[in-house]
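Residue-level listing of the chains:
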Protein chains: 4
Amino acid sequence: MFQMKKICIIGGDFRMICLGRQLEESGIFVNYFGFEKMTSVSPVYSDLENALDECNCALLPVPLSRDGIHVFMPMSDNKLELNGELSRLLKGMRIYTSNAEMLIKSGDYDSDQIFDYFDREPVKIENAVLTAEGAVCEAIKNSDYSLYMSKCLVAGWGRIGKPLCRLLRAFGADVTVSARRSDDLTWIRAEGFTPVHTNEIINSGRYKFIFNTVPHIIFTKDILENTAADALIIDLASMPGGVDKKACEELNIKLIHALSIPGKTAPQAAAAVLKKSLIEINETTRRNTSWKNQL
Amino acid sequence: MFQMKKICIIGGDFRMICLGRQLEESGIFVNYFGFEKMTSVSPVYSDLENALDECNCALLPVPLSRDGIHVFMPMSDNKLELNGELSRLLKGMRIYTSNAEMLIKSGDYDSDQIFDYFDREPVKIENAVLTAEGAVCEAIKNSDYSLYMSKCLVAGWGRIGKPLCRLLRAFGADVTVSARRSDDLTWIRAEGFTPVHTNEIINSGRYKFIFNTVPHIIFTKDILENTAADALIIDLASMPGGVDKKACEELNIKLIHALSIPGKTAPQAAAAVLKKSLIEINETTRRNTSWKNQL
Amino acid sequence: MFQMKKICIIGGDFRMICLGRQLEESGIFVNYFGFEKMTSVSPVYSDLENALDECNCALLPVPLSRDGIHVFMPMSDNKLELNGELSRLLKGMRIYTSNAEMLIKSGDYDSDQIFDYFDREPVKIENAVLTAEGAVCEAIKNSDYSLYMSKCLVAGWGRIGKPLCRLLRAFGADVTVSARRSDDLTWIRAEGFTPVHTNEIINSGRYKFIFNTVPHIIFTKDILENTAADALIIDLASMPGGVDKKACEELNIKLIHALSIPGKTAPQAAAAVLKKSLIEINETTRRNTSWKNQL
Amino acid sequence: MFQMKKICIIGGDFRMICLGRQLEESGIFVNYFGFEKMTSVSPVYSDLENALDECNCALLPVPLSRDGIHVFMPMSDNKLELNGELSRLLKGMRIYTSNAEMLIKSGDYDSDQIFDYFDREPVKIENAVLTAEGAVCEAIKNSDYSLYMSKCLVAGWGRIGKPLCRLLRAFGADVTVSARRSDDLTWIRAEGFTPVHTNEIINSGRYKFIFNTVPHIIFTKDILENTAADALIIDLASMPGGVDKKACEELNIKLIHALSIPGKTAPQAAAAVLKKSLIEINETTRRNTSWKNQL
């Protein structure tokens, strides 16, 4: 079991700050780098070498990088490059990161020191549950209709789709779910929802709320032309999403592309998920366990 | 059975406009008075006598009045007094109103012509369900925590409390409910929630989300002093609410007094509830049925 | 607060034995009278005076009597009359009973000594929940159909109806509920069930499962003639029930009149409900509190 | 699309008779072979060649065979061997069967003519849902406790475990679920149940109800020794089950090995699942589609 003593949190959004505080509550010392804009956080260092002083581990953010070149640091005006210099500074430390592969390639790392705390099934599942919660809020907030007694369509019976459907039902919505596989369609019916094959989402005009969770274009112009003018579409799939944005604009259909919901609407809960992941990594990993073996 | 032919909608907020449109979809002609600020509504009259032309019924808003003197008309710069002149203009028409008693006293009305479409149990119940839905959204939107896995307290096991608790459970919240009557406390436990007597809401520090539905001060300074600093309180009780606002400010506890939720977050659904009420009144009432007999 | 030291359990069915054991687990001494047929119970006395020795309280069964003359003692071949002699033997003791009024009239009791542990709202509610659970089992056991995907009718939206409907929905049944009051009908719809006015249960042929909870004849011959031949009717209302038995026989419709479900299918749970009631009585009553004041 | 005209149902239990009747209701002619004991079925033939007259398809039962030699025919005193003679009689017909592989090997069949209607994911899923329903009934029927407020353990988060857990929760049970995979454990928690790793089901004494769905011995003598004496164990796993039967007897723990639940407790519903499977096969298969391609 690995024992965190002092950790340096390098960049990221408010969720990373929440995570830092939750680690502090567990008696771990935390240094922050890349948070100059946040006055409420401390100690914030402007020099990474100082920030890493006495740390036996470091945390890189979610996502690791937006541009593939710099560490994601929206709360700082400084820039930190993903390069050999960074790997040199982190030498010998345990590094928790998202996008482990990108990090490995960017410098001279020892694969034994790197642990991907984000690309793990438990993290994905709980993030999906939090995403479903936030999606429900987006829906209520942005429509003149109620979920209660409304027809809803959820495209996709995956990690987000399942908890989302159950929430919508709790509100008294009439929930239809689209999928392709016959076992998914059977589960959908077995749980009391109305199944529809993805190829048959045509009569989309019935729905006041449409949620997409599938990461490729399902809601084409053809389908959108049959969608009710007063429908609300919430796209939960990562970029580029599953809805033809241009067609929505042309047809004047309200579309919300809701990305990174957990980090935005429930940063404390999202941080708690990450903390659990760190603990699990520390409890289960022995020396010589590379990040690859985790997968 | 009474047949609406042409109705004049006099004042009110966006929910009344939604109601007007839903009536139009059922083939009823609608005139609007008191909506000059809304360009999308038509026909809007600036003269009530013209607006009432050919109407066999009129609709007064929810609430009937905010100041007790004028009809509630937030979408107009004009003012319309509740007085004998108004009753003269409405003579012989069927009038649907909220606060029937206030209206009756304000002029020379025939009690047979007045029908309270708001003070009816089915309207109150469905409004409560819509309120619970909106309350959940307020909670998600305004807290850094998720409902998922959070401890929630709902004060009151009434029309709003019951559906609210069931929604919170669907999100995976740990729900405690306060009430006074032993049968309510038994039902709360029988439905799988944790009951607590209202007098024993002391250890309120456990909760990340507190919802009040009781229309008198339950959350006193004493109790608020034990509330967690990062808790969110949502007060759903009508003015003055059930939470000591001043104490919340002093203690820096986030309080949201969420009033008239259905009309704001789901005006279409709230209007549909009212439309159902109008239809029920028209179907069940015979001539000589005064509003008093309905109760 | 009253402290039970030694209690004499006088008659009743297996539920009373479960209750006795649960009291023993709490450190209370228990004597049994009227259980000669049960070899596993001890100490069983055949003389009531001996059984009452050193007891500061006594427990009479549910129901108190079947014939109005003798105490209900199905586990004994002896008979115990409800008369002045019994009241003399119980003099000065606290007596817990069902049907308090019947007991009072049968002898020379002090009203301060008698406590009805059964005619209390919390007991009724939890018994109703246990009844709903047992009713579901009767339904599954006695039909060739599954609740899953079947149309069910529940007559009555009372203590039993509410939890029963929620259970049926959990099984994936399509649940219709009959009631008379407009607020009940609104709640039924608000909870996502299909409401039907009691006067309009005509097309009962749609249902594979019919549950009655209303204690007077609702399912008349007329209605039964429209019921499907392969339907199963479960009548949960106390005698004489709500279904025309003779008509069911003539029409060859399967009818189960399921009485006293909790005591039969879950005697331990039913006893736990009674024990809670005894504890509540002991905690809340002061001297000079007659059974009338409890109501 | 294949059109059933006349089908011969060869052997099986009451579920097959229900299936026959449901096919008849769809306008398909049905001959029965192997049902002499059932007087209510017709036409029953005692000669297979006659029974197959004019049939364009035949249905073999679930299971195909108990002894590997004869067709499963519990409702007949005759015997029908799985051999070349049978394949000769069925030549040219479409054959719906369970255990397709066993059938293929037993005679001279054309693989294009054989369709396994049982080894299909949708059938397995809906059978699992029906099994969960029946399991709940077994639990209520066989325990003195109620599911309401009881601690339950479900071993296994598979097809049966998932719907079973959701049902138990609807009854107000406190549900713990055991699994091995970390993503399963996360889903269990995400759905609001208490997860426990299979290796840590030690303190099984907490549970009044234990359901096993895992098809190998999980409940060893060691674990059973820690199980409460008044617990009820329901084993839903196919033979030999997941509970040490001998240890249960020695320890006097009540064990029910509930096999083939859907066919027994809900034959009509189980038959409806099979009928759907036949329809799906007929709609999706083209000529030259062997049973292997279905998988």
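If you're wondering where the values come from, they're calculated on a predicted model, not measured in any experiment.

Focus on the environment of B:Trp187
Note that B:Trp187 resides in helix 7 (residues 182-190). Remark: the alpha-carbon pair of B:Trp187 and B:Ile281, spanning 94 residues in sequence, is separated by 33 Å. Not counting residues up to four positions away in its chain, the partners in contact with B:Trp187 are B:Trp157 and C:Ile125.

Notes on the nonpolar core
One finds A:Ala58, A:Phe211, B:Ala58, C:Ala58 and D:Ala58 to be the most contacted residues of the largest nonpolar core, which totals 416 residues. Leave out the neighbours within four places in its chain, and B:Ala58 touches B:Ile7, B:Cys8, B:Ile10, B:Leu52, B:Leu90, B:Met93 and B:Ile95.

Structural notes on the sheet that holds strand 9 (residues 194-197) of chain D
Residues and elements named next belong to chain D. In spatial order, the strands read 9-8-7-10-11-12; together these six strands make up an open sheet with parallel pairing. Two strands bound the open sheet, and with one partner strand each, they are strand 9 and strand 12 (254-257). For this sheet, the mean inter-axis angle between neighbouring strands, taken without regard to orientation, is 20°. Strand contacts of helix 5 (residues 121-142): strand 10 (209-212), strand 11 (232-235) and strand 12, with the helix running at about 155° to strand 11, the strand carrying the most contacts.

Things to note about the packing of helix 5 (residues 121-142) of chain A against helix 7 (residues 182-190) of chain D
Between helix 5 of chain A and helix 7 of chain D, the shortest axis-to-axis distance is 8 Å and the interhelical angle comes to 25°. It follows that helix 5 of chain A is roughly parallel to helix 7 of chain D by the angle criterion. The chirality of how helix 5 of chain A crosses helix 7 of chain D is right-handed. On the side of helix 5 of chain A, the interface is formed by A:Glu121, A:Pro122, A:Ile125, A:Glu126 and A:Val129, while helix 7 of chain D contributes D:Ser182, D:Asp183, D:Thr186, D:Trp187 and D:Ala190. Taken together, the residues of the contact of helix 5 of chain A with helix 7 of chain D break down into five nonpolar, two polar and three charged.

As for the relation of the copies chain D and chain C
Between chain D and chain C, the superposition needs a rotation of 180° and an axial shift of 0.0 Å, giving an RMSD of 0.1 Å. On the angle and the small slide along the axis, the relation comes out as a two-fold axis. Measuring from the rotation axis to each C-alpha of chain D, the shortest distance belongs to D:Cys137, at 2.4 Å. A shared binding surface is used by both copies, with 100% of the interface residues of chain D retained as interface residues in chain C.

Examining unusual backbone geometry
Note that the residue after B:Ser42, namely B:Pro43, is joined by a cis bond; omega there is -5°. With respect to the secondary-structure elements, B:Pro43 resides in the loop between strand 2 (29-33) and strand 3 (44-45). Backbone geometry at D:Glu54 places phi at a positive 70°, although glycine is not the residue there. Mapped onto the elements of the fold, D:Glu54 is located in the loop between helix 2 (48-51) and strand 4 (57-59). On the neighbour-count criterion, D:Glu54 (9 C-beta atoms within 10 Å) is exposed. Of note in this structure, D:Met149 is not a glycine but carries a positive phi near 70°. With respect to the helices, strands and loops of the structure, D:Met149 is situated in the loop between helix 5 and strand 7 (151-155). In this structure D:Met149 comes out as buried when scored by C-beta crowding, with 20 C-beta atoms within 10 Å.

A look at the pairing of strand 8 (residues 174-179) of chain A
Residues and elements named next belong to chain A. Burial of strand 8 is extensive: five of the six residues sit out of reach of the surface. Where strand 7 (residues 151-155) meets strand 8, five bridges bridge the pair, whose relative direction is parallel. Note on strand 8: the bridge partner recorded for Lys151 is Asp174. The parallel pair strand 7 and strand 8, bridged by helix 6 (residues 161-170), forms a crossover whose chirality is right-handed. Across four bridges, the pairing between strand 8 and strand 9 (residues 194-197) is parallel. In the strand pairing of strand 9, Val177 is matched with Pro195. With respect to chirality, the unit in which strand 8 leads through helix 7 (residues 182-190) into the neighbouring parallel strand 9 is right-handed.

Topic: the pairing of strand 1 (residues 6-10) of chain D
Strand residues, when the strand is regular, have side chains that alternate between the two faces of the sheet. All names here are of chain D. Counting buried positions over the five residues of strand 1 gives four, a clear majority of the element. Pairing of strand 1 with strand 2 (residues 29-33) involves five bridges; the strand directions are parallel. Paired with Ile10 across the bridge in strand 2 is Phe33. In terms of handedness, the path from strand 1 via helix 1 (residues 14-25) over to strand 2 forms a crossover that is right-handed.

A look at the interface of chain A and chain B
Taken together, the contact between chain A and chain B spans 22 residues of the former and 22 residues of the latter. When contributions to the side of chain A that touches chain B are tallied by element, the ones reaching two or more residues are helix 5, helix 6 and helix 11 (267-284) of chain A. For the side of chain A that touches chain B, the element with the most residues is helix 5 of chain A, which contributes seven residues. Classifying every residue of the side of chain A that touches chain B gives 14 nonpolar, four polar and four charged.

Thresholds, definitions, all that
- Residues numbered from 1 in each chain as written.
- Chains lettered and ligands numbered in written order.
- Predicted model: local features only at pLDDT ≥ 70, side-chain atom pairs only at ≥ 80, totals over all residues.
- Helix = DSSP H or I, 4+ residues; strand = E, 2+ residues; numbered from the N terminus.
- Contact = placed C-beta atoms within 7 Å.
- Core = buried A, V, L, I, M, F, W, Y, C linked by C-beta atoms within 7 Å.
- Buried ≥ 20, exposed ≤ 12 C-beta atoms within 10 Å, placed from the backbone.
- Pairing = 2+ DSSP bridges.
- Axes fitted to C-alpha atoms, helices over the stretch in contact; angles between N-to-C directions.
- Parallel < 35°, antiparallel > 145°, perpendicular 65-115°, else oblique.
- Left-handed = near helix turned anticlockwise from the far one by under 90°.
- Nonpolar A, V, L, I, M, F, W, Y, C, P; charged D, E, K, R; others polar.
- Least-squares fit on C-alpha atoms with pLDDT ≥ 70 in both.
- Right-handed = clockwise from strand over helix to strand, strands pointing away.

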